[in-house]
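Understanding the architecture of this molecule
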Amino acid sequence: MFQRLAHWCHDRRRLVLGLWLLVLVGGGALSSVVGTQFRTEFNLPNVESRTGLDLLEKEFGDGAGGQGGTIVFQSERPVSDPAVEQPMSELFDTVADLPDVEDVVSPYGEAGARQIAPLGEQAGKIAYAEVKLDDDIDLERGAELQKKIAEAAPTIDGVSIEFGGQVFAEFESPSSEILGLAFAIVILILAFGSVLAMGLPIGVALFGIGIGSVSVALLSNVFTIPDFATVLGVMIGLGVGIDYALFIVTRYREQLHAGHTVRESTAIAIDTAGRAVVFAGTTVVISLMGMLIMGVGFVTGLAVGAASVVAVTIVASVTLLPALLGFAGERVELTRWRGLIAAGFAALALVGAGLNFTPLLLAFPVAAVVLIAGFFAGPLKREVPRRRQKPLRETVPYRWSRLVQRHPWASVLAGFLLLITMALPVFGLRLGFSDEGNFPEDTTTRKAYDLLAEGFGPGFNGPFLMVAELPDGFDAEALAPIQAAVQDDDGVVFVTPAMPNDEEDPAAATAVQWAIIPTSSPQAEETTDTVHRLRSDVLPAAQEAAGVDVALTGSVPVQIDFSEYLTSRLPYFFGAVLTLSFLLLMVVFRSLLVPLKAVVMNLVSMGAAYGLVVALFQWGWFSGITGIQTGPIEPFVPMMLFAIVFGLSMDYEVFLLSRVREEWQRTGDSRTSVADGLASTAKVITAAAAIMVFVFGSFVLEGDRIIKLFGVGLASSIFLDATVVRMLLVPATMELLGDKNWWLPGWLDRLLPNIDVEGPSGEELSMDEPPSPEAPPQDRTPELIG
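Let me begin by describing the structure that accompanies this report. None of the values given here were measured: they were computed from a predicted structure.

Regarding the overall build of the protein
In terms of helices and strands, the protein carries 25 helices and nine strands. Relative to a compact globule of 786 residues, whose C-alpha radius of gyration would be 28 Å, the protein shows 30 Å and is just as compact. In terms of its C-alpha atoms, the protein occupies a principal-axis envelope of roughly 90 × 65 × 50 Å. When each of the 786 residues of the protein is scored for burial, the buried share is 57%. Within the protein, counting contacts between residues at least 6 apart in sequence, those at least 24 apart form 82% of the total. Working note: accessible area of the protein is about 32300 Å², and carbon and sulfur atoms make up 60% of it. Considering the protein, the positive charge centre built from 50 side chains and the negative charge centre built from 87 side chains are found 21 Å apart.

In structure tokens:
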């Protein structure tokens, strides 16, 4: 099947390329017409905070427990000064009439009397208006609304106006993927020694990112997908797309060197490396979709978004890439100085674009000038000399493998000691949601957060709500003990009196609500402790005495419940992924010990990556250098990292161990087969891992904390997997086990299906199929950048 697909795409390469362009352009146009519905919703099962939100919406109307933002302002003079109050009141009236706005609670009205800072040096000088929004508003509409409010905001001497709340949060499109692309260009040229060969993986990755991003945008209208899912998709698509194409192009060039034609080499590459890419990529998709067992819409949206990008990249690797190989032909082996120098300048310009350093952008026109001049200037038209290939057993990877194999116990102990030491911080892992205090200091979201904390206390940025349904004829005075009990808690600054849902006739009220201001910020561990203490120690006795059931809810309790729910489900998810990994590798390599080792080493290396994430993001190590604000680790991050890295490490595992097993079956020598397999795959695995590390690591420069977190987690896990695991632990453990690596009980071997992830060798492939009559002549396209 893979061979026929490769032939078809190669022979009809113009049609294939045209179809991909059509899908990219058409999908982009469709996305712009349909629009997006990116939003952050926690559709929890039947937990207390969900019950409370439902009761709020039922008894107090839409928006009571839903989305909202704040307009925070600070004045050098009291905010009650007419010169401040009049224009700000006019602004609030204007905002109340905007689409998606349910209500605006002004600090100058009776309902907003407590919205002017009462304490400290800024007492009376900081205030805010609460903007209640439609429950179904998405992040894109929220950003548009924030811009409209900012445009309507008056300019008042000595007054600054900021906008707070996640729905008004600024989300800038990242530029770090451009930086990652620059590093990828350099690494690919070093790996291939060819500019054209470098361009093929880049082209496949860009198509995958483009169509994958369009898919995520369209899917946001169906699933609950957060806005950063597009950035995550770009991050994954760029790394995975380049890596998958790198494996295929490497195999294609090997077949050209073996004397096959372009068409034959393409078919062999797709039927071998392409088959492995489909296997590894499908594993990533399956592991990502395994997150659906969490049963939470937010997590489902993340999984579907990331899986769709990977799926598009897989399809591009086995359909678009054969077509591009048909265009490139044998020129992937040819590089002229003009192309090499132009590519270097292009990479330099991309670095400038990624770092927002304008002077480096001048490298773009310089690259164009070099490219044009290369058609006339003799030195630039010359071919770049090819590097001499060392015999396999004279390479550094072979010598390194033999060194590790001579000291297997020391290597195993050193590798595991390093990984376990790095994993120790995991025991201090605290899952939760970081608050708006983690936004960059120059954003309006962070400024609004800091102003509220300064004027009202840190807990004001994350108030709790209590809500209770009242039986008929209930005496509202019986609720006073509830307020008193909560007010006496050490983690509470202030509790409002019970507010009925019928203010005109409180006796006819069917429900009441209270607002609680805690002493600590939303992300603080003390806040989580306060929520638990109120639910377990304070409220049970108070509500029993009052004769009502009280639900503690609000954005912070919802996030706490969400984190604890996901935490409780993580062992099931990890167990499912590790079991899948074991079974797949057992079937592929017909072994029990190889998959068992892979599971253990993947678990330890992921633990080391998690440990680094905890140290940097939760404990704040090197925060002065990285600029990372401390806070808990978002609860969906560990599972996303695990699912993605699991599939990527599976690719390296299959690529390395397939060569080792092939050598073992050919020679029967377990020692030399390990060294030969490592040496023959080290260059490709190193290049692929280096690209991943630089692509993912470049996202550390982004302002968004979650994007930084994913970048560090993915980069560190890939680095550890490709170095400590593949280059140290794998050869050492295989040396210790010898032929036992490939032991499998006969009865189990007969039961297992046969899965050949690398396909037949080049010699075994049949090349009898004639070219399609529609196929254009090979290697007749004009040379452009060679």
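Quick notes on the packing of helix H6 (residues 176-192) against helix H8 (residues 229-257)
Their axes nearest at 11 Å, the elements H6 and H8 cross at an angle of 15 degrees. Taken together, the axis directions place H6 and H8 in an arrangement best described as roughly parallel. When the axes of H6 and H8 are compared, the crossing they make is right-handed. On H8, the residues touching Glu-177, Gly-180, Leu-181, Ala-184, Leu-188 and Phe-192 of H6 are Val-234, Leu-238, Ile-242, Leu-246, Val-249, Thr-250 and Arg-253. Each residue belonging to the contact of H6 with H8 can be placed in one class, and the counts come to nine nonpolar, two polar and two charged.

What about the environment of Phe-427?
Looking at the element boundaries, Phe-427 is found in the loop between helix H15 (408-423) and helix H16 (444-456). For the pair formed by Phe-427 and Thr-155, sequence separation is 272 residues and the distance between their alpha carbons is 51 Å.

Structural notes on unusual backbone geometry
Here Asn-356, not a glycine, exhibits a phi torsion of approximately 55 degrees, which is positive. Note on placement: Asn-356 falls in the loop between helix H11 (337-354) and helix H12 (363-373). Unlike most non-glycine residues, Arg-590 shows phi in positive territory, near 50 degrees. Structurally, Arg-590 is set in the loop between helix H19 (555-589) and helix H20 (593-618).

Some remarks on the nonpolar core
Counting residues in each nonpolar core, the largest one holds 170 residues, and the members touching the most others are Leu-288, Phe-636 and Phe-710. For Leu-288, the residues in contact, after removing those within four places along its chain, are Ala-303, Ala-306, Ala-307, Val-310, Met-640, Ala-643 and Ile-644.

Digging into the environment of Ala-127
Along the chain, Ala-127 turns up in strand S3 (residues 126-133). Considered as a pair, Ala-127 and Trp-747 are 620 residues apart in the sequence and their alpha carbons are 75 Å apart. What Ala-127 contacts, discounting residues up to four positions off in sequence, is Ile-71, Val-72, Phe-73, Val-79, Pro-107, Gln-115 and Ile-116.

Comments concerning the sheet that holds strand S4 (residues 159-164)
The strand order S2-S3-S1-S4 describes an open sheet built from four strands, whose pairing is antiparallel. In the strand order of this sheet, the two ends are held by strand S2 (101-105) and S4, each with one partner. Strand-to-strand twist of the sheet, defined as the mean angle between neighbouring strand axes without regard to direction, takes the value 20 degrees. Bridge analysis of strand S1 (residues 68-75) against S3 gives seven bridges, and the strand direction is antiparallel. Bridged to Thr-70 within S3 is Glu-130. Against the sheet, helix H4 (residues 82-96) makes contact with S1, S2, S3 and S4, and its axis sits at roughly 165 degrees relative to S1, the strand it touches most. Here H16 sits on the sheet in contact with S1, S3 and S4, set at roughly 105 degrees to S4.

Observations concerning the side chain of Ser-670
Inspection of the secondary structure assignment puts Ser-670 in helix H23 (residues 670-697). Ser-670 has contacts with Trp-664, Gly-738 and Asp-739, leaving out every residue within four places of it along the chain.

Remarks on a nonpolar patch on the surface
A surface patch of nonpolar side chains, amounting to about 390 Å² of accessible area, comprises Trp-8, Leu-15, Leu-19 and Leu-22. Residue placement: Leu-22 occurs in helix H2 (residues 13-34).

Regarding helix H14 (residues 396-406)
Taken residue by residue, H14 has Tyr-398, Ser-401, Val-404 and Gln-405 as its buried positions. Across the axial projection of H14, the buried residues extend over an arc of 125 degrees, all falling on one side. Those residues of H14 that are exposed and angled more than 90 degrees off the buried face are Val-396, Arg-399 and Arg-406.

Points about the pattern of salt bridges
Going through the model one piece at a time under the given rule, you end up with 20 salt bridges. Linking Glu-254 and Arg-251 is a salt bridge whose minimum nitrogen-to-oxygen distance equals 3.8 Å. With Glu-254 and Arg-251 both in helix H8 and three residues apart, the pair spans about one turn of that helix. Taking relative accessible area as the criterion, Glu-254 reaches 31% and is therefore assigned partly exposed. Between Arg-671 and Glu-735 there is a salt bridge, with its nearest N and O atoms 2.9 Å apart. Of this pair, Arg-671 sits in helix H23 while Glu-735 sits in helix H24 (residues 705-737), placing them 64 residues apart in sequence. Salt bridges sharing partners connect three or more residues here, namely Glu-48, Arg-535 and Asp-561.

Thresholds, definitions, all that
- Residues numbered from 1 in each chain as written.
- Predicted model: local features only at pLDDT ≥ 70, side-chain atom pairs only at ≥ 80, totals over all residues.
- Heavy atoms only, no water.
- Helix = DSSP H or I, 4+ residues; strand = E, 2+ residues; numbered from the N terminus.
- Rg over C-alpha atoms; globule rule 2.2 N^0.38 Å.
- Buried < 20%, exposed > 50% of the residue type's maximum accessible area, 1.4 Å probe, protein only.
- Contact = heavy atoms within 4.5 Å.
- Areas by Shrake-Rupley, 256 points an atom, 1.4 Å probe, with all protein chains shown as cover.
- Lys, Arg positive; Asp, Glu negative; His and termini not counted.
- Charge placed at Lys NZ, Arg CZ, Asp CG, Glu CD.
- Axes fitted to C-alpha atoms, helices over the stretch in contact; angles between N-to-C directions.
- Parallel < 35°, antiparallel > 145°, perpendicular 65-115°, else oblique.
- Left-handed = near helix turned anticlockwise from the far one by under 90°.
- Nonpolar A, V, L, I, M, F, W, Y, C, P; charged D, E, K, R; others polar.
- Core = buried A, V, L, I, M, F, W, Y, C linked by side-chain atoms within 4.5 Å.
- Pairing = 2+ DSSP bridges.
- Patch = residues over 30% accessible without salt bridge, like charges linked within 9 Å, V, L, I, M, F, W, Y side chains within 5 Å.
- Salt bridge = Lys/Arg side-chain N within 4 Å of Asp/Glu carboxyl O.
- Arc of directions from axis to C-beta.

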